[in-house]
Amino acid sequence: MEASQLVQNLLNGLAIGSVYAIFALGYTLVFSILGIINFAHGAVFTLGAYFTYTLVVGQFENNGLLKGVNLFPDGSPFSGQPLTFALATLLGAVGAGLVAVLIERLAFRPMRSRGADPLLALVSSLGVALVIVNLIQLLVGAEIYNFPSDAYGETPPALSFTLGGNVVILRTVQVIIFAVSLVMLTVLGFVIGRTKIGKALRAVAENPGTASLLGISVDRFIVITFFLSGFVGGLAGTLVGTAFGVAGPYFGVSYGLKGLAVIVLGGLGSIPGAVLGGLVIGLAEAFVPADYSAYKDAVAFALLFAILLVRPQGLLGRSAIQKV
Amino acid sequence: MNDFLQTYGFLIATMLQAGLLGLSLYFPLQAGQLSLASPGFYALGGYVAAILLTNPSFAGLRDTLGQGIFPLTWLAGAVLGGLLGVVVGVPALRLRGIYLALATIAFVEILRVVALNLTVTGGAVGIFGIPQTFGFQDRWQYIFLFGPLLALTLLFTRQLERSRVGRALRALREDELAADAMGVPPTQYKVLAFVIGAALAGLVGAMSAPFLNTWNAKQGTFDSSITILAAVLIGGSRNIWGPVVGGALLAAVPEVLRFLADWRLVINGLVLVVASLYLPQGIVGALARLTRPRPPQRPLAPAYEKQP
């Protein structure tokens, strides 16, 4: 592989890998608290993209809620599309977070209060995913939407240089994705690792019974967790929609599955694991030779299968002592 | 009677088929193993049958065997499903609970992508114009295929559950460590249960390829894994009738809800949510409790242990 190709793949892989990472973080947060996988996370991802789209299309096609909104007066350096789009992205992610809270309320909390088999929570969350995806189809239509690809002023690329006679391009949107993911991960890492809320979250994750005895409102922290999970999931949806310029009702399905591969690869319930898993899978996909690009979707699962056999707890997962 | 079969025969055949697939997932569950691999073996069996029945390179074989080609495809589907079951099962069954479930999802996805890209499987388009089994004129005639197979499978399952092997599987499901200590080799029995399920799924796939007339990569997807799992859990995962009832029911729901037109898939999702909330033991479990009150059973094998 030529040096230019290598660098290009590396950049592409890091950008997509960082989206995988923040998306998978949503799974891992919920898993670390409840010990279950929220199969509706892929649907939340789709919703995030749809919310942003609905908000922002007005800016470009005159029927969205943020229609013609300019946050800063014309002529100032911040006026125009990019900032409005950023605001829409943020609102879209908040919307996705609220939906995730609703999912918890309707599909997970009743299960918990009955002490039901966690497997049933899995089926229930799948039911919710089905409801969401089909509601989107019914209310908005099954067609695939074109995301405004000029949202961030697509041209010119953020970075473009020649290496050994070939051009390497880093798209603006890739830089934004990478930066947003990095910020997201840092903030979440800080919140969970250093703040009081994070401490309480970790206590609930460790042992809900004891945490509640210590005066922590377990239900409230589960709601917070679901909000955060939906927020990062929805954010990832918008970022992917922006990067590839499209979104549709089934947009989140393959990401939902890939996200599972990411968290298991990194180690279920581990936040650094989700990041590492996302980057590994993003890079692995970027380095699939063009001749085999049809098999790209299998890469994540081949890696997942392989890692499970060698190191079942994942790359950074704790290997707990088996209970007797 | 004929009118009835013309109208509902296809649905009944579909329900029987779904019940069979539910049972294929029930076998590993008997040993406490949550495997979502059934659609992978089902897809494999279907491809084997579709290729044997349509590929030009098997024209000679078809001419020689005549109608005998169909039983051969069943055998091939079951055997290849079982063999792949060994190949996947031996390493995968070292995993437990959610890890096993995810590994089997990965297996199904890998198979799907491979099937999507091979020439012999017809790529994304799939395989078309698969001839009908024994020259069946109507789709409802597949009841004659799926019905007896379901009866046989139920009989086999019942005998298995009553046998020494069945008791060993149950022991593994309740407490693997204790079973191991009592001299039940976990790996052998788990692989056995997994392979029986895989062979059954392969066989059903081989019978379903002519039934559906066309076979493509959509036959073995994550969605189908979930549908089958939901069927088993909603029917009841602790009784052989559970997967059959659940499979038949979930196969029928979209048809019964057809009058809701576009809303039926939304309702389908709601059915899953409500059923998992209100029927934790499944329909069969709930019925069993109605007829003869028993102390609540322990939940299914601990599927979500945080350790592998």
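Predicted, not measured: the structure shown is a model, and the values here were computed from it.

Asks: Please give an account of the pattern of salt bridges that cites residues and values.
Replies: Tallied over the full model, the rule gives ten salt bridges over all chains. We note a salt bridge from Glu 104 of chain A to Arg 112 of chain A, for which the minimum N-O separation is 2.3 Å. Residue Arg 112 of chain A is classed as partly exposed on the basis of its relative accessible area, which comes to 28%. The shortest N-O distance in the salt bridge between Glu 176 of chain B and Lys 190 of chain B comes to 3.3 Å. One end of the pair, Glu 176 of chain B, is in helix 8 (residues 176–181); the other, Lys 190 of chain B, is in helix 9 (residues 186–212), and 14 residues separate them in sequence. Salt bridges sharing common partners tie together Glu 104, Arg 109, Arg 112 and Asp 219 of chain A.

Asks: So what's going on with a positive patch on the surface? Residues and values would help.
Replies: Residues and elements named next belong to chain A. Taken together, the side chains of Arg 194, Lys 196, Lys 199 and Arg 202 make up a positively charged region of the molecular surface. Among the elements that line the positive patch, the one with the most residues is helix 6 (residues 196–206), at three residues. Mapped onto the elements of the fold, Lys 199 is located in helix 6. For Lys 199, a relative accessible area of 58% translates into the label exposed.

Asks: Outline the pairing of strand 2 (residues 159–163) of chain A, supporting the account with residue identities and numerical values.
Replies: As defined by bridge partners, strand 2 of chain A adjoins strand 3 (residues 166–170) of chain A across five bridges and the pair is classed as antiparallel. For Ser 160 of chain A, the partnering residue across the bridge sits in strand 3 of chain A and is Ile 169 of chain A.

Asks: Could you give an account of the nonpolar core, with specific residues and numbers?
Replies: Ile 37, Ile 103 and Ile 263 of chain A are the most contacted members of the largest nonpolar core, which totals 184 residues. With 15 residues, the top contributor of residues to this core is helix 9 of chain B.

Asks: Outline the environment of Phe 194 of chain B, supporting the account with residue identities and numerical values.
Replies: Residues and elements named next belong to chain B. Tracing the backbone shows Phe 194 in helix 9. Here the alpha-carbon distance between Phe 194 and Gly 89, two residues 105 residues apart in the chain, equals 6.6 Å. Residues contacting Phe 194, with those up to four places away along its chain left out, are Pro 28, Ser 35, Ala 37, Phe 41, Gly 85, Val 88, Gly 89, Leu 93 and Thr 104.

Asks: Got a sec to walk through helix 11 (residues 241–256) of chain B? Specific residues and values, please.
Replies: All names here are of chain B. With 16 residues, helix 11 ought to run about 22 Å at 1.5 Å a step, and its terminal C-alpha atoms sit 21 Å apart, in line with that. Of the residues making up helix 11, those classed as buried are Gly 242, Pro 243, Val 244, Gly 246, Gly 247, Ala 248, Leu 250, Ala 251, Ala 252, Val 253 and Pro 254. Against helix 1 (2–30), helix 6 (143–162), helix 10 (222–235), helix 12 (264–278) and helix 13 (282–291) lie the buried residues of helix 11.

Asks: Please set out the packing of aromatic side chains residue by residue, giving values where relevant.
Replies: Two aromatic rings, taken as a pair, are described by how far apart their centres are and by the angle between their planes. Throughout the structure, instances matching the rule amount to 23 aromatic pairs over all chains. Seen in terms of ring centroids, Tyr 20 of chain A and Tyr 255 of chain A are 6.0 Å apart; in terms of plane orientation they differ by 55 degrees. Their pairing is tilted. One end of the pair, Tyr 20 of chain A, is in helix 1 (residues 3–34); the other, Tyr 255 of chain A, is in helix 9 (residues 251–266), with 235 residues separating them in the sequence. The same class applies to Tyr 20 of chain A and to Tyr 255 of chain A, which are both buried. Seen from their ring centres, Phe 70 of chain B and Phe 134 of chain B are 5.6 Å apart, and the 70 degrees between their planes marks the pair as edge-to-face. With Phe 70 of chain B in helix 4 (residues 69–92) and Phe 134 of chain B in the loop between helix 5 (97–117) and helix 6, this pair connects stretches of sequence that are 64 residues apart. Overall, the relative accessible area of 38% leaves Phe 134 of chain B in the partly exposed class. Within the aromatic cluster, the residues linked to one another by ring pairs are Phe 10, Phe 70, Trp 74, Phe 134, Phe 136, Tyr 142, Phe 146 and Phe 211 of chain B. Over the ring of Tyr 255 of chain A we find Lys 258 of chain A; its NZ or CZ atom is 5.9 Å from the centre of that ring. The aromatic ring of Phe 211 of chain B is capped on one face by Arg 139 of chain B, whose charged end is 5.6 Å from the ring centroid.

Asks: Requested: an account of unusual backbone geometry, with residues and values cited.
Replies: All names here are of chain B. At Phe 134, a residue that is not glycine, the phi angle is positive and equals roughly 50 degrees. For Asn 213, which is not glycine, the phi dihedral falls at a positive 75 degrees. Looking at the secondary structure, you find Asn 213 in the loop between helix 9 and helix 10. Its relative accessible area of 30% is what places Asn 213 among the partly exposed residues.

Parameters at a glance
- Residues numbered from 1 in each chain as written.
- Chains lettered and ligands numbered in written order.
- Predicted model: local features only at pLDDT ≥ 70, side-chain atom pairs only at ≥ 80, totals over all residues.
- Heavy atoms only, no water.
- Salt bridge = Lys/Arg side-chain N within 4 Å of Asp/Glu carboxyl O.
- Buried < 20%, exposed > 50% of the residue type's maximum accessible area, 1.4 Å probe, protein only.
- Helix = DSSP H or I, 4+ residues; strand = E, 2+ residues; numbered from the N terminus.
- Patch = residues over 30% accessible without salt bridge, like charges linked within 9 Å, V, L, I, M, F, W, Y side chains within 5 Å.
- Areas by Shrake-Rupley, 256 points an atom, 1.4 Å probe, with all protein chains shown as cover.
- Lys, Arg positive; Asp, Glu negative; His and termini not counted.
- Charge placed at Lys NZ, Arg CZ, Asp CG, Glu CD.
- Pairing = 2+ DSSP bridges.
- Core = buried A, V, L, I, M, F, W, Y, C linked by side-chain atoms within 4.5 Å.
- Contact = heavy atoms within 4.5 Å.
- Expected span 1.5 Å × (residues − 1).
- Phe/Tyr/Trp six-rings, centres within 6.5 Å; stacked < 30°, edge-to-face > 60°.
- Lys NZ or Arg CZ within 6 Å of the ring centre and 35° of its normal.

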